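Understanding the architecture of this molecule
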Amino acid sequence: MINDDFAIAILNRPETTRNSKINFAELGLNKNYGIRDLWHHKVIGKKRMVQY
């Protein structure tokens, strides 16, 4: 990626629904980051944590 950007993919591989919560600070990421749902093709917003 350019400009020191990066991407993180979060996948739920089983066929059953699974709820998860990921705090970006635990990954050493301490800002708000853009979150996009690739499955539904929509931008969720900028956050410090994602819960789905």
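Everything in this summary refers to the structure shown in the same document.

Turning to the packing of aromatic side chains, a few remarks are in order. Within the structure shown, the criterion is met by two aromatic pairs. Relative to Tyr33, the ring of Phe6 has its centre 5.9 Å away and its plane inclined at 55°; by these criteria the two rings are tilted. Here Phe6 is found in the segment before strand S1 (21-23), whereas its partner Tyr33 is found in strand S2 (residues 33-37), with 27 residues between them in sequence. A ring pair is formed by Phe24 and Tyr33, whose centres lie 5.9 Å apart and whose planes are at 90°; its orientation type is edge-to-face. Through successive ring pairs, a cluster of aromatic residues spans Phe6, Phe24 and Tyr33.

Our next topic: the environment of Asp5. In this fold, Asp5 is placed in the segment before S1. Taking the relative accessible area as the measure of exposure, Asp5 reaches 44% and is therefore partly exposed. The spatial distance from the C-alpha of Asp5 to the C-alpha of Thr17 is 30 Å, given a sequence separation of twelve residues.

Attention now moves to the pairing of strand S3 (residues 42-47). Pairing between S2 and S3: five bridges, direction antiparallel. In the strand pairing of S3, Asp37 is matched with Lys42.

Quick notes on the rules
- Residues numbered from 1 in each chain as written.
- Predicted model: local features only at pLDDT ≥ 70, side-chain atom pairs only at ≥ 80, totals over all residues.
- Heavy atoms only, no water.
- Phe/Tyr/Trp six-rings, centres within 6.5 Å; stacked < 30°, edge-to-face > 60°.
- Helix = DSSP H or I, 4+ residues; strand = E, 2+ residues; numbered from the N terminus.
- Buried < 20%, exposed > 50% of the residue type's maximum accessible area, 1.4 Å probe, protein only.
- Pairing = 2+ DSSP bridges.

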